[in-house]
Amino acid sequence: MTDNPFMKRAIELSKINMETNAGGPFGAVIVKDGKIIGEGWNQVTSTNDPTAHAEVQAIRNACKNLNTFDLHGAEVYTSCEPCPMCLSAIYWARCTKIYYGNTKKDAASIKFDDDFIYQEIAKPYPQRSIPLVPLMRDEAFKIFQIWEQKVDKIPY
């Protein structure tokens, strides 16, 4: 398919965002039942929030619009292949499919290189550039045990 209105909107959001200097050239829309339920664009530099990527913003917008944290059955249209953080957020939101325009190699060619994060995740903890150090597990685990027994929890 070479002409899709949802992908066109994601690309349009990436262009508008780039032109207004709100952040990097990335846009995304979330679609369910043939309708856009959420839109997002990269706002990292305009909000000083390193997590304000287009896909994350679109997920936040869609969840707010539907008053849910579960986007099962929704599809993501994004102007670029998702970074590891956005890909994880899409999985956590339970979206069903991802359509993307630019590849992660295209993004790397303009200095948005997420490959180092993919490489870091694959490394054993002691070899990562940011140390991951266990601390106070016994105390923290007690809270997990309380959660497990909690009768009025909202599972997700």
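How each quantity is defined
Residues numbered from 1 in each chain as written. Predicted model: local features only at pLDDT ≥ 70, side-chain atom pairs only at ≥ 80, totals over all residues. Heavy atoms only, no water. Pairing = 2+ DSSP bridges. Helix = DSSP H or I, 4+ residues; strand = E, 2+ residues; numbered from the N terminus. Axes fitted to C-alpha atoms, helices over the stretch in contact; angles between N-to-C directions. Contact = heavy atoms within 4.5 Å. Parallel < 35°, antiparallel > 145°, perpendicular 65-115°, else oblique. Left-handed = near helix turned anticlockwise from the far one by under 90°. Nonpolar A, V, L, I, M, F, W, Y, C, P; charged D, E, K, R; others polar.

1. Topic: the sheet that holds strand β4 (residues 97–102)
Right, so step 1: The strand order β2-β1-β3-β4 describes an open sheet built from four strands, whose pairing is mixed. The sheet terminates laterally at β2 (35–41) and β4, the two strands that pair on one side only. Here the average twist between neighbouring strands, direction ignored, is 15°.
Right, so step 2: Relative to β2, helix α3 (residues 54–66) is tilted by about 140°, and along the sheet it contacts β1 (27–32), β2 and β3 (75–80).

2. Here's the deal with the packing of α3 against helix α4 (residues 84–93)
Right, so step 1: At their nearest, the axes of α3 and α4 sit 8 Å apart, and the two run at 25° to each other. The angle between α3 and α4 places the two elements in the roughly parallel class. Note on packing geometry: the crossing formed by α3 with α4 is left-handed. Between α3 and α4, the residues in contact are Glu 55, Val 56 and Ile 59 and Met 85, Cys 86, Ala 89, Ile 90 and Ala 93, respectively.
Right, so step 2: Considered class by class, the residues forming the contact of α3 with α4 number seven nonpolar, no polar and one charged.

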